[in-house]
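One-letter residues, chain by chain:
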Amino acid sequence: MIQGTFIFILFLGPLIFFHELGHFFFARFFGVRVEVFSIGFGPKIFKWKRKDTEYAISIIPLGGYVKMFGDDPFREQPLTEEEKKVAFNHKTKWARFWIVFGGPLANMILAFVLYFALVVSGEKVPETRFGNIPQSSLLYDMGFRSGDALREINGKPLVSFDDLNLAESMVDEIKVERQGEMLSIKPAYNATAFIDLLMEHSAATLRAPIFVDQTGKAFALTRQQDVYDPGYSLEEASLGKVSLWLQPVANINKTDEVPVLEKTSEVVPAWSDEAGFKSWMAAKGLYPIDLQVGSIVMQSPADKAGLRQGDILTGLAGDKIMGFEELRARVQKVKAGEEIAVNFLREGKTQEVKLRPETRTVEKKTVMTIGVFSGQRMVLPRMRETAPEGLFSALGMAWNRTVDGVVKTVAGYKKLITKEVGLNNIGGPLAIGKVASDSFQISLSMFFRLMAIISINLGVINLFPIPVLDGGHIMFLGFELINRGPLSRRKLELAQRFGVSFLFLLIFIALFNDISRLIS
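Residues numbered from 1 in each chain as written. Predicted model: local features only at pLDDT ≥ 70, side-chain atom pairs only at ≥ 80, totals over all residues. Heavy atoms only, no water.

Secondary structure summary: the chain contains 14 helices and 23 strands in total. Expressed as a percentage of its 520 residues, the buried residues of the chain come to 43%. Counted over contacts in the chain with a minimum sequence separation of 6, partners at least 24 positions apart contribute 63%. Of the roughly 28,100 Å² of accessible surface on the chain, 60% is carried by carbon and sulfur atoms. (Helix = DSSP H or I, 4+ residues; strand = E, 2+ residues; numbered from the N terminus. Buried < 20%, exposed > 50% of the residue type's maximum accessible area, 1.4 Å probe, protein only. Contact = heavy atoms within 4.5 Å. Areas by Shrake-Rupley, 256 points an atom, 1.4 Å probe, with all protein chains shown as cover.)

Below is the structure:
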């Protein structure tokens, strides 16, 4: 909890600081007196004063503000001639534009600097890969296979998953790497729908290539003898095409470490397809470790029927199953109240029990369950390191990434406004805190990549033509040009009320989504 809070502040602090610094810099540049420069809102927990400005750190770290002298359209007391020289509202429209625009501009500059630093120093990020793709899926029909690593999309190189936030409407061509071979696939598919498919079949669903035999002894398929690759998956192994090593292993509960390998191992010849893999597995008497029962829910159908931790599930009603997801899918087809036979191995002996699956509601969906948790081991993200770029090349790449990030962000909000995506996609401080903490645990490259993306989002959001936001102030400057003078006090009051109400509505939606994700 403490670590997560620290990471959240470390992540959000620079974004807020540079945004307010942009306002502060242009205010001082055009001779406006800055009364308060605060990081955070609410009561001040630390403050000091230098010349005319009070600098402060406030208790709520979800924003900040720069209070400028004369930035109060409702002030009734007239200013003196000396005060007008340092008052915000008495500066030219051009000066006020840059003072207001300075905040979003600073966020864009920060994103550019972060991207430049990443490119010039080299990055270490998780490889963008497909997860488990069953033969019945649309992705399989397009030509994709489990474990495929994405390398290019519509001619643009892919380094990490955040590069996939497409602004284009269609995915015309994708290049993937499979078993060391580069392949081109042309799905001609809607970009948003394609990303949804990729999220549905994420790399988090890839299983470690670990098996158990009838006695519970563990084995692993490896690409090199005596070397266990925590990023290599069972789904990739099932594609065949390359020779592998079958090796007895220990400490299978720590798949992020190299298991203790015994001296005996054998070379497994390459098979041609998934059917060949299943035949080989059956001939060896091996079962994917996800079919081994990890735990049992108390008072569940499995518990009442006598299933135990360590049992190896082998079939339903006499039909063999080759994975836990296959078991789950088969159970969903059982009618409520119907009895089904479960075949399993215990201490090397084949046994059978009969039970009735029960209905449960999971994420607002009704599912059939027997109360068994899999003993599966998932693969770790496979990291990809990029070589450092030269100075001039890095400047160009950082500029392209920043512009691309702005385009993608605007396109994303456009889809939100036009209802192409739902409001449930809006995240608040809890969502930001979680992804910041997760990215920090993965690598510093991912942490700073995310910081650059959120910095761009912060800049774009603040340019929305909503009163109380920077874009709202710029909109009022436009109205002043049209009216050839400031708006009436009544109109300003109504605009401020609308802006505050709209902002609170967005905050409510974001927090509601955060809490819903937390308790779901």
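Running from N to C, helix H10 (residues 391–417) and helix H12 (residues 444–462) point in directions that differ by 55°, and their axes come no closer than 10 Å. With respect to their mutual orientation, H10 and H12 come out oblique. For the pair H10 and H12, the sense of crossing is right-handed. Where H10 approaches H12, its residues Arg401, Thr402, Gly405, Val406, Thr409, Val410 and Tyr413 are matched on the opposing element by Arg449, Ile456, Asn457, Val460 and Ile461. Within the contact of H10 with H12, the residues separate by chemical class into 6 nonpolar, 4 polar and 2 charged. (Axes fitted to C-alpha atoms, helices over the stretch in contact; angles between N-to-C directions. Parallel < 35°, antiparallel > 145°, perpendicular 65-115°, else oblique. Left-handed = near helix turned anticlockwise from the far one by under 90°. Nonpolar A, V, L, I, M, F, W, Y, C, P; charged D, E, K, R; others polar.)

A few words now on the pattern of salt bridges. Throughout the structure, instances matching the rule amount to 18 salt bridges. Salt-bridge contacts for Arg129 lead to Glu236; the nearest nitrogen and oxygen are separated by 2.5 Å. Note that Arg129 is positioned in the loop between strand S3 (124–126) and helix H4 (138–142) and Glu236 in helix H6 (residues 234–237), a separation of 107 residues in sequence. Linking Arg356 and Glu339 is a salt bridge whose minimum nitrogen-to-oxygen distance equals 3.9 Å. Taken as a pair, Arg356 in the loop between strand S19 (349–355) and strand S20 (358–362) and Glu339 in the loop between helix H9 (324–332) and strand S18 (340–346) lie far apart in primary sequence, 17 residues in all. Judged by its relative accessible area of 40%, Glu339 is partly exposed. Here the salt bridges share partners, and the residues they tie into one network are Glu127, Arg129, Arg151, Glu177 and Glu236. (Salt bridge = Lys/Arg side-chain N within 4 Å of Asp/Glu carboxyl O.)

Pairing in this open sheet of 4 strands is antiparallel, and the strands run S5-S4-S7-S8 from one edge to the other. Each edge of the sheet is formed by a strand with only one pairing partner; in this case those strands are strand S5 (156–157) and strand S8 (181–185). (Pairing = 2+ DSSP bridges.)

Right, let's talk about the sheet that holds strand S12 (residues 244–248) for a bit. The 5 strands are arranged S13-S12-S11-S10-S14 in an open sheet whose pairing can be described as antiparallel. Each end of this open sheet is capped by a strand with a single partner; those strands are strand S13 (266–268) and strand S14 (287–288). Where S12 lies against S13, 3 bridges are found, and the strand directions are antiparallel. Across the sheet, residue Leu246 finds its bridge partner in S13, namely Glu266.

All right, on to the side chain of Thr369 then. Topologically, Thr369 is positioned in strand S21 (residues 365–369). Apart from the residues within four sequence positions on either side, Thr369 is in contact with Pro301, Val331, Pro357, Glu358 and Arg360.

With that settled, consider H10. Taking 1.5 Å of rise per residue, 27 residues should cover 39 Å, and H10 covers 39 Å from first to last C-alpha, within 8% of that figure. Where H10 is concerned, the buried positions are Ala394, Ala398, Arg401, Thr402, Gly405, Lys408, Thr409, Ala411, Tyr413, Lys415 and Leu416. On its buried side, H10 packs onto helix H3 (93–121), helix H5 (191–200) and H12. (Expected span 1.5 Å × (residues − 1).)

Here we come to the nonpolar core. In summary, soluble globular proteins display a tendency toward joint burial of nonpolar side chains. Counting 39 residues, the largest nonpolar core has Phe11, Leu15, Met68 and Ile99 as the members making the most contacts within it. The set of elements that each furnish at least two residues to this core consists of helix H1 (2–29), strand S1 (34–50), strand S2 (53–68), H3, H10 and H12. For this core, the element with the highest residue contribution is H3, accounting for 10 residues. The residues touching Leu15, leaving out its near neighbours within four places in the chain, are Asn107, Leu110, Met451, Ile454, Ser455 and Leu458. Core analysis: the second largest hydrophobic core is formed by 19 residues, Leu313, Phe344, Leu355 and Val372 among them. (Core = buried A, V, L, I, M, F, W, Y, C linked by side-chain atoms within 4.5 Å.)

Let us look at H3. For H3, spanning 29 residues, the distance from its first C-alpha to its last is 41 Å, which sits close to the expected 42 Å at 1.5 Å a residue. Maximal helix bending in H3 amounts to about 45°, located at Gly102; proline Pro104 follows within four positions. (Bend = angle between axes of the 7 residues up to and from the residue.)

Judged by how many residues are buried, strand S16 (residues 312–316) sits mostly within the fold: 5 of 5 residues are covered. Pairing of S16 with strand S17 (residues 319–320), which is carried by 2 bridges, proceeds in the antiparallel orientation. By the bridge assignment for S17, Leu316 is matched with Asp319. The hairpin formed by S16 and S17 contains 2 residues between the paired strands, and Ala317 there has a positive phi angle of roughly 55°.

With their axes 8 Å apart at the nearest point, H3 and H10 run at an angle of 135° to one another. Looking at the two axes, H3 sits oblique to H10. Pair H3 / H10 crosses with right-handed handedness. Residue-level inspection shows Met108, Ala111, Phe112, Tyr115, Phe116, Val119 and Val120 of H3 in contact with H10, the latter providing Leu391, Ala394, Leu395, Met397, Ala398, Trp399, Arg401, Thr402 and Val406.

Next up on the list: the pairing of strand S7 (residues 174–178). Every other side chain in a regular strand lies on the same face of the sheet, so the side chains alternate between the two faces. Only one face of S7 is covered, namely the one carrying Ile174, Val176 and Arg178; the face carrying Lys175 and Glu177 has none of its residues buried. Relative to S7, strand S4 (residues 149–153) runs antiparallel, the two being bridged by 4 bridges. Bridging across to S7, Leu150 finds its partner in Val176. Pairing of S7 with S8, which is carried by 5 bridges, proceeds in the antiparallel orientation.

Below, the discussion takes up the packing of aromatic side chains. Taken as a whole and judged by the stated rule, the model has 25 aromatic pairs. Considering the side-chain rings of Phe11 and Phe447, the 5.6 Å spacing of their centres and the 70° angle between planes classify their relative orientation as edge-to-face. One end of the pair, Phe11, is in helix H1; the other, Phe447, is in helix H12, with 436 residues separating them in the sequence. Taken together, a centroid distance of 5.9 Å and an interplanar angle of 15° make the contact between Trp94 and Phe97 stacked. One end of the pair is Trp94 and the other is Phe97, both in helix H3 and 3 residues apart, which spans about a single turn. On the basis of relative accessibility, which here comes to 24%, the residue Phe97 falls in the partly exposed class. Members of the aromatic cluster, each reached through a chain of ring pairs, are Phe25, Phe26, Phe29, Phe30, Trp94, Phe97, Trp98 and Phe101. For Arg33, the ring lying beneath its charged end belongs to Phe69, and the centroid distance is 4.5 Å. (Phe/Tyr/Trp six-rings, centres within 6.5 Å; stacked < 30°, edge-to-face > 60°. Lys NZ or Arg CZ within 6 Å of the ring centre and 35° of its normal.)

On their own, these measurements won't tell you what the molecule is for.
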